[in-house]
Amino acid sequence: MSFFKHLLFALCATALLPSLGFAQTTDTRSQFPGRRVGGGTRGECTSRLVAHLVPPANIQEVAKGKPATIAILEGPAAQTYPLLINLQGLRSYQLEPMLAGVRLLTLPALTAETRWESSFLCPGAVGVAGDPLGFITTASPPALSLIRPGQGAGSLLNRLAASCGSSIPTAEISKFLGADPLPGNWPEQLPVRCQKL
């Protein structure tokens, strides 16, 4: 009899698991399954921090019909490498290397939701030789976010735009990302470099 009680309990528990899982999920349209922070754990280039300065839901709203503004945080490094920006389905950009700081980029107007990836062009970051599928690379995972036409830029992007050519306290960026303090050896002020693509 005890065996049947345990079996019945296990069946009931299994039947309840899917409904419990759905009860705890949020609206998937309000969050984008990506990562604001890219990079790996090994190697000077691939472990360098690259982060999209987007809200916690990982979606950057931009004004409809107007140039889109995005912001990227690049961490400190002894050796810098070019930054690759990929707007899926549209185009890619290779930007000059820079020291730790924030890049504020102005893109042409976007008419639809667009996946945005950022990573460094590291030496050896090419397809693995002999890979029959041709997609496995030695590079670290990129930062991945969604750009969505909507209401427009948030307060941080407006603050960064007002700081073009000067700097912003590192503590302000750290607080925005929810990582106080940022890992590694950061300067107290970060230069803000603005560029139109």
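Look a little higher up for the structure.
So, how was this worked out
Residues numbered from 1 in each chain as written. Predicted model: local features only at pLDDT ≥ 70, side-chain atom pairs only at ≥ 80, totals over all residues. Heavy atoms only, no water. Disulfide = S-S within 2.5 Å. Helix = DSSP H or I, 4+ residues; strand = E, 2+ residues; numbered from the N terminus. Buried < 20%, exposed > 50% of the residue type's maximum accessible area, 1.4 Å probe, protein only. Pairing = 2+ DSSP bridges. Axes fitted to C-alpha atoms, helices over the stretch in contact; angles between N-to-C directions. Parallel < 35°, antiparallel > 145°, perpendicular 65-115°, else oblique. Left-handed = near helix turned anticlockwise from the far one by under 90°. Contact = heavy atoms within 4.5 Å. Nonpolar A, V, L, I, M, F, W, Y, C, P; charged D, E, K, R; others polar.

### Quick word on the state of the cysteines
Under the definition given, this model contains 1 disulfide. In this model, Cys164 is linked to Cys194 through a disulfide, with the two sulfur atoms separated by 1.8 Å. On the sign convention where negative means left-handed, the S-S torsion of about -90° between Cys164 and Cys194 marks this disulfide as left-handed. Residue Cys164 is located in the loop between helix H2 (155-162) and strand S10 (167-169), and its partner Cys194 is located in strand S11 (residues 189-196); the two are separated by 30 residues in the primary sequence. Residue Cys164 is classed as partly exposed on the basis of its relative accessible area, which comes to 37%.

### A word on the pairing of S11
Where strand S7 (residues 101-107) meets S11, 5 bridges bridge the pair, whose relative direction is parallel. Bridge pairing in S11 links Leu104 to Cys194.

### Points about the sheet that holds strand S9 (residues 143-150)
Across a sheet, strands are paired by hydrogen bonds formed along the backbone, either parallel or antiparallel in direction. The strand order across the open sheet formed by 5 strands is S3-S9-S8-S5-S6, and the pairing between neighbours is mixed. In this open sheet, the two edge strands, each paired with only one partner strand, are strand S3 (59-63) and strand S6 (91-95). Going across the sheet, the axis of each strand differs from the next one's by a mean of 25°, ignoring polarity. As defined by bridge partners, S3 adjoins S9 across 5 bridges and the pair is classed as parallel.

### Regarding the packing of H2 against helix H3 (residues 170-177)
In the contact formed by H2 and H3, the axes pass within 12 Å of each other and the chain directions differ by 160°. When the axis of H2 is compared with that of H3, the two are roughly antiparallel. Here the hand of the crossing between H2 and H3 comes out left-handed. Contacts between H2 and H3 involve Leu156, Arg159 and Leu160 on the former and, on the latter, Glu172, Ile173 and Phe176. Split into classes, the residues belonging to the contact of H2 with H3 amount to 4 nonpolar, no polar and 2 charged.

### Observations regarding the environment of Phe176
With respect to the secondary-structure elements, Phe176 resides in helix H3. Owing to a relative accessible area of 29%, Phe176 belongs among the partly exposed residues under this scheme. Along the primary structure Phe176 and Val54 are separated by 122 residues, whereas in three dimensions their C-alpha atoms are 8.8 Å apart.

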